[in-house]
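What follows is each chain in one-letter form.
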Number of protein chains: 2
Amino acid sequence: MAKINGDLNKERERCSFNISELTILMDGGPEKTKERRERENIMISKKNFYDGIPEEYLSYKEKYEQAVKKSVIVFGLVRRLQEEGKTTIHNYRDVLANLLRASDVSTGFPLALHYIMFMPAIINQGTKEQQAQWLPRAWDCNIIGSYAQTELGHGTFIRGLETTATYDPISEEFVLNSPTLTSYKWWGGGLGQTANYSIVVAQLYTKGECHGVHSFIVQVRDEESHMPLPGIKIGDIGSKFALNGINNGFLGFDHYRIPRNQMLMKHAQVLEDGTYVKSRNSKLNYGAMVFVRVVIAFDMVNYLSKAVTIAVRYSAVRRQCQRKAGEPESQILDYLTQQHKLFPALAACYAMKITASKLWDTFNTVNEELLAGNLERLPEIHALACCLKAISTSDTASFIETCRLACGGHGYMHSSNLPSTYGNAVAACTYEGDNTVLLLQTARFLAKTWQEIENDGGKLTPTVEYLRTAKVRGYSHKWVNSVENIVYGFQVVCMRKIATCVQDMQRRVASGLTFEDAWNLSSVQLVAAAEAHCRVIILSTFSSEIRGMTETTSPELKQVLNQVVELYSVYWALERLSDLLQYTTINQKDVDSLRVWYEELLAQLRPNAVGLVDAFDLKDEMLQSTLGSYDGRAYERLMEEALKSPLNAEPVNHTFHKYLKPFLRGKL
Amino acid sequence: MAKINGDLNKERERCSFNISELTILMDGGPEKTKERRERENIMISKKNFYDGIPEEYLSYKEKYEQAVKKSVIVFGLVRRLQEEGKTTIHNYRDVLANLLRASDVSTGFPLALHYIMFMPAIINQGTKEQQAQWLPRAWDCNIIGSYAQTELGHGTFIRGLETTATYDPISEEFVLNSPTLTSYKWWGGGLGQTANYSIVVAQLYTKGECHGVHSFIVQVRDEESHMPLPGIKIGDIGSKFALNGINNGFLGFDHYRIPRNQMLMKHAQVLEDGTYVKSRNSKLNYGAMVFVRVVIAFDMVNYLSKAVTIAVRYSAVRRQCQRKAGEPESQILDYLTQQHKLFPALAACYAMKITASKLWDTFNTVNEELLAGNLERLPEIHALACCLKAISTSDTASFIETCRLACGGHGYMHSSNLPSTYGNAVAACTYEGDNTVLLLQTARFLAKTWQEIENDGGKLTPTVEYLRTAKVRGYSHKWVNSVENIVYGFQVVCMRKIATCVQDMQRRVASGLTFEDAWNLSSVQLVAAAEAHCRVIILSTFSSEIRGMTETTSPELKQVLNQVVELYSVYWALERLSDLLQYTTINQKDVDSLRVWYEELLAQLRPNAVGLVDAFDLKDEMLQSTLGSYDGRAYERLMEEALKSPLNAEPVNHTFHKYLKPFLRGKL
């Protein structure tokens, strides 16, 4: 291993806690750490993965072709693990997550949706027969599926989808059709040139009646020749901000026929004669949506951990400005403004990971209740997953961009890996539900809960019970600067915001507005209420989980994790200070001492910052960053990567002779 | 012209004011509008400019080659205008700005720095003889220059630059040298493969003594062969977030010699025998920095206007969700949450343009004073330009990203032109001075001013006079919801913040800390104080200028512009509410009615939103956006652009046979 940068060495020497202890704690035990590292190493050992010209120099078409090449390597590994019995249909998501985390194909995989959406749709919505027919071939990757729901003109409002699936009882087939340009499916990952099958969501018509949207398994390309089948119009939707290896596609149908048994019929059915049999419960599909949204929160932890690792290590290596004449320039990590940019982002990695894990466990419990027919907690969990997805993605995007900007000009270089990390992460603010729309879904649940409280309704589900407590208790006691009190402050804020919104809406409805118009007029405040609810959940989960987790850790680790919890809480209190000033008794003196506390926490975390990012255990092959490598050879790597630019392969570019020289001579 | 989208037609019909009147008002008169349009049309008429495959599909190398090809077209036009006497060395920046605005080469120009930095450096820092020697050739583009200051290891701290220029009195030459890897010049635009000359900033050594950084004209490539000259190590720094046509380069020297008269010697000189003659005034160079930063603020107006035009028009065309059963889906522009995202950004275009124009005029006045030897207002203007650059770039970047996200998935497509607009604009948060560093420079001036006020010092310069007034008057009167009072609120906030910082620092210095350590500990708050100062300047300039400008306009236009001013002011009051709650008498009831006012303003601006963006007069050829075109054919254009993806040129990509098929068959 190359020599390690002296400043980074010193940082690691003065770290107050054992870094491995933290890594193992966050993984959930030494076994889990071992397992994760094994999977990552399998991936990393595929050295050829990182060979050749860096992706950012390729053309759009080459990026796709490279992504296909790499996909078959990654998913070939998945298949090998399957064959070796190391992964099953029940844990393949974990395995996949580890492998993808280690692969760092920053343009994304055109085969990913096959695992993430196509197979789960068959598992969740297919009958036993359909599962038997399709899953083995999907599992062995003999067919590759995509998922086509969103249309060119339709995203959020699923009821507005235009693609039709009309049942023809004579041939016992569905006829899929795209009646307009806006009805073209748009965005399906891998749909453009890669998949040969897709789940298609369409309006079901039978016996002349529309029964709303249902899912169908549709073959789109010939398995032998890969040619689009007759009646199918399919292709690539074009270049995007990032993720240009995913091959998002469009798909249109010209009266395209599929057999009756390719409608996924676990919940609703169309019988041979065209009779429609309704689903027992239309809410059962919510479970899958909750699952996907928690997975997104984990993805965000990965993206943000990467960005924070890069920015913190680089800030330890980078020196700029003399603070005392004659002394060496300071590490930029010593500037309070830099700490203020990076440490809240660092704390957020821990906060989000712990909250998502806890929510994951809760979801599994609720899912078992669901399967046993108990739907009581579904709305609560759905509301929770909505706001957690929204806040985790928007916080992550904005923290990553802050980290990137904190690396100055070098953070603008692709070789830092920060631009791609941002471009990939920010996509999640939109996919699987636009963040504003999701926060309004959470708000709808909160408003309903609030009305139950006002009507003195019965038992509340656990995560919103605090609203009643806050209503009863109010906020009249003197403000105290503590984590518990900050959490309580946010509870009161959420309670007061939702109460005000409900009151405003009732007033507006009473004055003659429709409910939806009243809702629209309150929507900016409703979004704020949902955000406050999510802050309550994250802050309270984070602090209580860390309290539990650190009961058995070393005192050194306990201390630093407590500091992380405090920093995160105080940061958000100061960020949402106007709410606390409005709805609690916090006064100017409290605010001043809150700020002092915040600045003290930055100083306390300073010596452990590098240790806290090292604990994420992101190997250089996963970071793929000139600025963030473990050895801190940032400048050397920047130059090494620059020399890979194809422009540097020849001393004079041909455009000099063709364009520049004639121009310089006044001949152009 | 194609049929215009019905919704956009309706929007334009119900616009309450005359759109052309607003365009002309913002241009500064009908003559200016005519002139601008003429220049833009010259550019647009170069139809071949937009031909061929869209830039986002090209490889990195092809992007550069395309940018060279387009550069010689654009700068060929500039030269033609010069020859026709339509532009001179005094107004070429205006002409250039119009042409570049119209060109929409989103990857940037490798020749731009020649005009923006190379020529101005010679004009500002060269002697008469040097100007006579170099300017004619530069003006005619017989040579192409870059500007090399930043080094791999040195950006903000110019005194820390490592490149040396050592005078050799025997040969009467300077010897340029790069002693370390970190001393390599890094970032110069066009420096990689395009320029054959560059300004180089280096530490000047003569007679064994270092005299700090000075500028030199350095030839880097042979004029005939374009080969790098012996002793020069030069190349491309590699791929970036955006602006990949600019050809940012690195440059290293191996004891490379240049004649004595290639040091720019207007201010300081090195005589033939090596005697160093100091500059009369070291601050004279600040003038050029102020100029560049105001230009950046204008650039930001262009970027943001583009993003807002795209997002507002698309939001009028896009319909999503039924608000009443049976009714058509709503235009998304009708949702309050969407208005809340877009209208403050729209207002910011007007606010920033007017503030930058006013600052530009003030700067010209001060520049004349400067040339007459009066440096009194230089620190003030410098402080102002610093914070205006920082706030205009960070506001613009964050508003553009909000606009982009407000367009949902389609805003993630390159064909919307929103991703590139963001990538290009956000670069300005870093170049020409990192925003945090710049805000701290403003804060340094404010802290100094505050100490003068406390010591009862004499006359204050105009833009900070309010600090004394606010100190004397304080904030004890009842809060009023008005623009004037919001401006006064921000004045008090800035005053209180800077007062607290100065007090904290004095306390810390008294307790034994060095000034720089005390400064560092206050720096997060100092940044906030500088931001508050900038808000004061923008809000007060915007409201008072609009008051003046609308004295002679139609009452309809006056009304809508007043609404824009009000919306912008109320938006920022709510965004910085915690400051107002801490430092003014605003109470909960005031806040509630401020919010009601804000929501009313959104509703008032709603019918004029499309008119307000149409008034930016950005032609489709300049917007280059599927979502934002004047005719609103968003979906048609999305599909048309998708079909240009090279992946759609063939029904089956060759990777199917090479990788996918073997994988599907289990053979990989």
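Starting from 1, residues in each chain are numbered consecutively following that chain's sequence as written. Lettering for chains starts from A, numbering for ligands starts from 1, and both go in the order in which the items are written. The predicted origin of the model limits local features to residues at a pLDDT of at least 70 and limits the giving and counting of side-chain atom pairs to 80 or more, whereas totals for whole chains, interfaces and linings rest on all residues. With hydrogens and water set aside, each side-chain value is computed from the structure's full complement of heavy atoms.

Q: Got a sec to walk through the overall build of chain A? Specific residues and values, please.
A: Counting its secondary structure elements, chain A contains 23 helices and eleven strands. Its C-alpha atoms give chain A a radius of gyration of 27 Å, within 12% of the compact-globule value 26 Å for 668 residues. If you line up chain A on its principal axes, its C-alpha atoms span 90 × 80 × 60 Å. Residue burial in chain A is summarised as follows: out of 668 residues, 62% are buried. In these tables, accessible area is a Shrake-Rupley quantity obtained with a 1.4 Å probe, and a residue counts as shielded only by the protein chains included in the view. When the accessible surface of chain A is summed, it comes to about 24500 Å², and 52% of that surface belongs to carbon and sulfur atoms. Charge assignment: positive for Lys and Arg, negative for Asp and Glu; neither His nor the chain ends contribute. Working definition for charges: the position is that of NZ of Lys, CZ of Arg, CG of Asp or CD of Glu. Of the charged side chains in chain A, 73 are positive and 74 negative; the average position of the first set lies 3 Å away from that of the second. Working definition: helices are DSSP H or I runs of at least four residues, strands are E runs of at least two. Numbering for both runs from the N terminus. Radius of gyration: C-alpha atoms only; globule rule: 2.2 Å multiplied by the number of residues to the exponent 0.38. Think of it in three bands: residues with accessible area under 20% of the maximum for their type are buried, residues over 50% are exposed, and the middle band is partly exposed, with areas taken using a 1.4 Å probe on protein chains only.

Q: Requested: an account of the sheet that holds strand β8 (residues 249-253) of chain B, with residues and values cited.
A: Residue and element names in this part refer to chain B. Pairing within the open sheet is antiparallel, and its three strands lie in the order β4-β8-β7. Single-partner strands in this sheet number two, and they are β4 (185-188) and β7 (232-236). Across the sheet, the mean angle from the axis of one strand to that of its neighbour is 20°, orientation sign disregarded. Between any two strands, pairing holds if DSSP finds at least two bridges. Where β4 lies against β8, three bridges are found, and the strand directions are antiparallel. In the strand pairing of β8, Trp-186 is matched with Phe-250. Throughout, an axis means a line fitted to C-alpha atoms (over the contacting stretch in the case of helices), and angles, computed between N-to-C directions, take values from 0 to 180 degrees.

Q: If you had to explain the confidence of the model for chain A to someone new, which residues and values would you point to?
A: In low-pLDDT segments, the atomic positions of the prediction should not be examined closely. Confidence in the prediction for chain A averages 94 pLDDT; 98% of positions are at 70 or higher. Interface scoring of the predicted complex returns ipTM 0.97; its pTM is 0.97. One confidence number per residue, pLDDT, is output by the predictor and ranges from 0 to 100.

Q: Talk me through the interface of chain B and chain A; I want residue IDs and the actual numbers.
A: Across the boundary between the two partners, chain B contributes 132 residues, which contact 133 residues of chain A. Summed over both partners, the interface of chain B with chain A comes to about 11400 Å²; 61% of that surface belongs to carbon and sulfur atoms. Reported buried area values correspond to the accessible surface (1.4 Å probe) lost by two parts on association, with both partners' losses combined. Counting the surface chain B buries against chain A, the share from its top three residues, Phe-241, Tyr-412 and Phe-663 of chain B, is 7%. By convention in these notes, a salt bridge is any Lys or Arg side-chain nitrogen within 4 Å of a carboxyl oxygen on Asp or Glu. There are twelve salt bridges connecting chain B and chain A. We call two N or O atoms a polar contact when they sit within 3.5 Å, provided that within protein one can donate a hydrogen and the other can accept it, with sequence-adjacent residues counted only if both atoms are side-chain atoms. Applying the counting criterion to the chain B and chain A interface returns 64 residue pairs in polar contact (both at pLDDT 80 or more). Contact between two residues is taken to exist if any of their heavy atoms lie within 4.5 Å; hydrogens are not considered.

Q: Describe the relation of the copies chain B and chain A, with residues and values.
A: A least-squares fit on C-alpha atoms brings the copies together, and the residues used are those whose pLDDT is at least 70 in both copies. The operation relating chain B to chain A is a screw motion whose rotation component is 180°, with 0.0 Å of axial translation and a residual RMSD of 0.0 Å. When the rotation and shift are considered jointly, the pair of chain copies conforms to a two-fold rotation axis. The share of interface residues of chain B whose copies in chain A are also at the interface is 100%, consistent with both copies meeting through the same surface.

Q: Report on the pattern of salt bridges, specifying residues and quantitative values.
A: Under the criterion given, the structure shown has 84 salt bridges over all chains. Note that Lys-34 of chain B is salt-bridged to Glu-38 of chain B, the shortest N-O span being 3.6 Å. Of this pair, Lys-34 of chain B and Glu-38 of chain B both sit in helix α3 (residues 30-45), four residues apart, which is roughly one turn of the helix. Glu-173 of chain B is the partner of Arg-257 of chain B in a salt bridge, and the nearest nitrogen-oxygen pair spans 2.8 Å. Of this pair, Arg-257 of chain B sits in strand β9 (residues 256-259) while Glu-173 of chain B is found in strand β3 (residues 173-177), placing the two residues 84 residues apart along the sequence. A relative accessible area of 41% places Arg-257 of chain B in the partly exposed class. Through salt bridges with shared partners, a single ionic network connects Asp-27, Arg-36, Arg-37, Glu-40, Asp-617 and Lys-619 of chain A.

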